[in-house]
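Here are the chains, one letter per residue:
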Amino acid sequence: LIAILMTAIGAAALTAYLMVQAEARTRIALGEARLREAQRIAGLGHWTLALPSRTFAISEEALHLLGLAPGSTLPAFDDYLARVPAEDRPRIGEAFESILRGDHPPFLEHRLLHASGKANSCAITGKSPASSLPPCSISQTAARSRNSA
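Analysis parameters
- Residues numbered from 1 in each chain as written.
- Predicted model: local features only at pLDDT ≥ 70, side-chain atom pairs only at ≥ 80, totals over all residues.
- Heavy atoms only, no water.
- Helix = DSSP H or I, 4+ residues; strand = E, 2+ residues; numbered from the N terminus.
- Buried < 20%, exposed > 50% of the residue type's maximum accessible area, 1.4 Å probe, protein only.
- Contact = heavy atoms within 4.5 Å.
- pLDDT = per-residue confidence, 0-100.
- Salt bridge = Lys/Arg side-chain N within 4 Å of Asp/Glu carboxyl O.
- Core = buried A, V, L, I, M, F, W, Y, C linked by side-chain atoms within 4.5 Å.
- Patch = residues over 30% accessible without salt bridge, like charges linked within 9 Å, V, L, I, M, F, W, Y side chains within 5 Å.
- Areas by Shrake-Rupley, 256 points an atom, 1.4 Å probe, with all protein chains shown as cover.
- Polar contact = N/O pair within 3.5 Å; in protein donor to acceptor, adjacent residues only side chain to side chain.
- Pairing = 2+ DSSP bridges.

Counting its regular elements, the chain contains four helices and five strands. A burial count over the chain gives 30% of its 149 residues as buried. Across the chain, the fraction of contacts at a sequence separation of at least 24, relative to all contacts at a separation of at least 6, is 43%.

Scored by pLDDT, the chain has a mean of 75; 72% of the residues are at 70 or more. Mean pLDDT across the elements of the chain bottoms out in strand β5 (residues 137-143) (54) and peaks in helix α1 (residues 2-42) (87). A low-confidence stretch, residues 128-138 stays under pLDDT 50, and its non-local contacts, those more than four residues away or across chains, total 23 contacts.

All chains considered together, the criterion is met by five salt bridges. We note a salt bridge from Arg-27 to Glu-23, for which the minimum N-O separation is 2.6 Å. Here Arg-27 pairs with Glu-23, and both are found in helix α1, just four residues apart, close to one helical turn. Judged by its relative accessible area of 59%, Arg-27 is exposed. Where Glu-60 meets Arg-36, a salt bridge forms, and the shortest distance between an N and an O atom there is 3.8 Å. Here the residue Glu-60 occupies a position in helix α2 (residues 60-65), and Arg-36 occupies one in helix α1, the gap between them amounting to 24 residues. When its relative accessible area of 37% is taken as the criterion, Arg-36 is described as partly exposed. The network of salt bridges with shared partners includes Glu-87, Asp-88 and Arg-111.

Our next topic: the nonpolar core. Counting residues in hydrophobic clusters, the biggest one holds 16 residues, and the most contacted among them are Trp-47, Tyr-80 and Leu-112. Where this core is concerned, the elements lending two or more residues are β1 (44-50), β2 (55-58), α2, α3 (77-82), α4 (89-100) and β3 (108-113). No other element matches the three residues that α4 contributes to this core.

In this section: a nonpolar patch on the surface. The grouping of Leu-14, Tyr-17 and Leu-18 at the surface amounts to a nonpolar patch, some 320 Å² of accessible area in total. Counting through the fold element by element, Leu-18 comes out in helix α1. Classification of Leu-18 by relative accessible area gives partly exposed; the value is 47%.

The next thing to look at is the side chain of Asp-88. For Asp-88, the position within the fold is in the loop between α3 and α4. Looking at Asp-88, its side chain comes within polar contact range of the main-chain nitrogen of Arg-111, at 3.2 Å.

Side chains Phe-56 and Ile-58 of β2 all project onto a buried face; the interleaved residues Thr-55 and Ala-57 project onto a face where none is buried. In this sheet, β2 lies alongside β1 in antiparallel orientation, the contact comprising four bridges. Note that in β2 the partner of Ala-50 across the bridge is Thr-55.

Pasting the structure below:
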């Protein structure tokens with residue numbers, strides 16, 4: 001009898017746990033959908049560059065702002081730098097070196113080229129390992145150019 005009760009209690013607990021997990025996944029998906037919609041409306045996108053692996057995590061709107069196909073990635077840091085206008089590259093290189101040293105600037109604005117060649121405004125915010133971002137990562141926001149609304 002005790003074994004039957006324990007099995008029934010275990011099954012009920014597992015069912016409750018699975019329901020909580022499903023609800024949490026639904027809430028996360030809804031929050032992500034709301035973020036995508038807010039970024040689309042505002043014309044803002046974001047990405048994070050993890051250093052030293054130099055890999056990117058990028059939002060759908062940032063891909064759109066850069067003229068890249070949905071689901072694509074910024075494959076390498078050099079591809080990112082190729083999108084920075086030549087006159088901005090020295091400043092960006094210095095900022096990234098500063099971030100790698102842990103002496104990161106609180107904010108740096110520069111331009112990033114859309115696939116069509118038009119420039120969008122971007123802001124780099126270097127994050128320290130104590131931040132909510134992974135250690136040695138850079139969070140960046142791209143905004144639709146005022147001329148291209």
